[in-house]
Amino acid sequence: MDFELPEELKLMKEQLRRFVDREIIPIEREAYDGPDLKPDVRARLEAKTKEMGYWNISTPVEYGGLGLGLMARVVIWEELGRSIALPTRKTSIFGPEVSPILYHLTDEQKADYLYPIISGDKDCCFALTEPDAGSDPAGIKTTAVRDGDHYVINGYKRFITNAQHADFIQLMASTDRSKGARGITAFLVDINTPGVSIVRAQPTMMDDEPCELAFDNVRIPVSKRIANEGDGFKMAQDWINTGRVRHGARGLGVIQRCLEMSVSYAQQRVTFGQPLANRQAVQWMLVDSYMDLQQLRFLVYHAAWKHERGEDIRNEAYMAKMLGDRLSFQAADRCIQIHGGIAFTKELPIEKLWRDQRSMMITEGPEEVLRMTLARHVLEQYSK
Ligand SMILES: Cc1cc2nc3c(=O)[nH]c(=O)nc-3n(C[C@H](O)[C@H](O)[C@H](O)COP(=O)(O)OP(=O)(O)OC[C@H]3O[C@@H](n4cnc5c(N)ncnc54)[C@H](O)[C@@H]3O)c2cc1C
């Protein structure tokens, strides 16, 4: 068993820590314009990540990216998690994030959709959730019905991040509702296809503005289908696993930032003649966050290590997401408690960390649903 990060990842971690401390944290409260980074801030930070050699980090080498493994990406996500500057659900500053679904495209489809995403010439969104189906995708009602060499799509999607800026939609629609999730098929739908409309953007408490989309008799050629009918949900699986580990890694960054801020404040703030740091009630809050950080770190890095060995990390990914979201939210909550009233001001990042981490406990799978799935494994593994 080796608990050391490889040397190159240690160096990367140190470099990113300096980058976040010097270039990102100082501007974090002014970096936003609505749900996204201000264009000049994005341009400056992206120029910096390119200069550091971290561009297109997750794009495979054969497509011109760095093809970093999950361990390296965990290092990056952890360090970035320490700041509120970077949009939680939008393109990062390390180049376009390509959904792995797009690697399943045919060569012809890749020319129109994958390569323009990698080069930054096109933007896209992913549409699965509907008003009547979120964590249970088997319930989606959007249908794609075959009509000769076309499909006709009808339905309604909700909470679709980035639809306002998307050139195309990676749409999940049912081609056979009797099969539930196994009847879900993925399609490429250009946003300007007749019948597609962005009904409205819905501002949220985290500053995101996901959209509602309507599909009214949208006709698309069969050539816009991704892989086979019924493959849609299966294809999203690996993406979902690494996405869950990302929640855990981000949680590590959030807990660390909360500890840094809480310790600093507790040492300076004097009440009833003594610094808060002398009070056992405060020390215990700090220790709770510290212990949470340690257990989460083992879990997240172990998941990344297993993934790099090509092993199945479904269960680790469930746990990384659940614990990462919950423990980091609790750390932000303790950070508020230790700071008192000043924590609620927009001068400090704490209230934003708290809002963001609370939302993480719902998006990409609420805890109850992940527990339900993990329970199947526990029942199987421990039954005599
Ligand atoms: C800011 C934001 C951005 C988003 N971006 C996207 C996007 O880009 N694309 C996309 O497709 N979706 C997106 N979503 C949707 C998101 O993935 C869903 O909100 C999430 O999956 C939960 O679905 P739901 O909101 O419909 O909740 P529901 O599925 O209705 O669940 C509601 C609550 O019920 C409980 N619950 C549900 N099932 C069970 C169960 N079996 N047992 C016990 N309790 C249960 C849970 O506590 C859950 O929180 C986004 C959402 C938000 C808020």
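In what follows, the structure referred to is the one given above.
Residues numbered from 1 in each chain as written. Predicted model: local features only at pLDDT ≥ 70, side-chain atom pairs only at ≥ 80, totals over all residues. Heavy atoms only, no water.

1. A few points about the pattern of salt bridges
Here the idea is simple: oppositely charged side chains can pair when their charged atoms come close.
Working step 1: For the structure shown, the criterion picks out 34 salt bridges.
Working step 2: A salt bridge links E260 to R17; its shortest N-O distance comes to 3.7 Å. With E260 in helix 5 (residues 232–268) and R17 in helix 1 (residues 7–24), this residue pair connects regions lying 243 residues apart in the sequence.
Working step 3: Since its relative accessible area comes to 33%, E260 is described here as partly exposed. (Salt bridge = Lys/Arg side-chain N within 4 Å of Asp/Glu carboxyl O. Helix = DSSP H or I, 4+ residues; strand = E, 2+ residues; numbered from the N terminus. Buried < 20%, exposed > 50% of the residue type's maximum accessible area, 1.4 Å probe, protein only.)

2. A look at helix 8 (residues 350–360)
In an α-helix, one full turn covers 3.6 residues, which means residues spaced three or four apart are oriented alike.
Working step 1: Along helix 8, nine of the 11 residues are buried, which leaves the element largely enclosed by surrounding structure.
Working step 2: Inspection of helix 8 places I350, E351, K352, L353, R355, D356, Q357, S359 and M360 among the buried residues, and these make up the whole buried set.

3. Side note on the nonpolar core
Working step 1: Counting 61 residues, the largest nonpolar core has M12, I24 and V74 as its most contacted members.
Working step 2: Examining the composition of this core, we find that 10 residues originate from one element, helix 5, more than from any other.
Working step 3: When we break this core down by domain, the ones giving at least three residues each are domain 1 (7–98) and domain 3 (233–381).
Working step 4: Setting aside residues up to four positions removed in sequence, V74 forms contacts with V245, A249, V300, Y301 and A304. (Core = buried A, V, L, I, M, F, W, Y, C linked by side-chain atoms within 4.5 Å. Domains from an automatic or database assignment. Contact = heavy atoms within 4.5 Å.)

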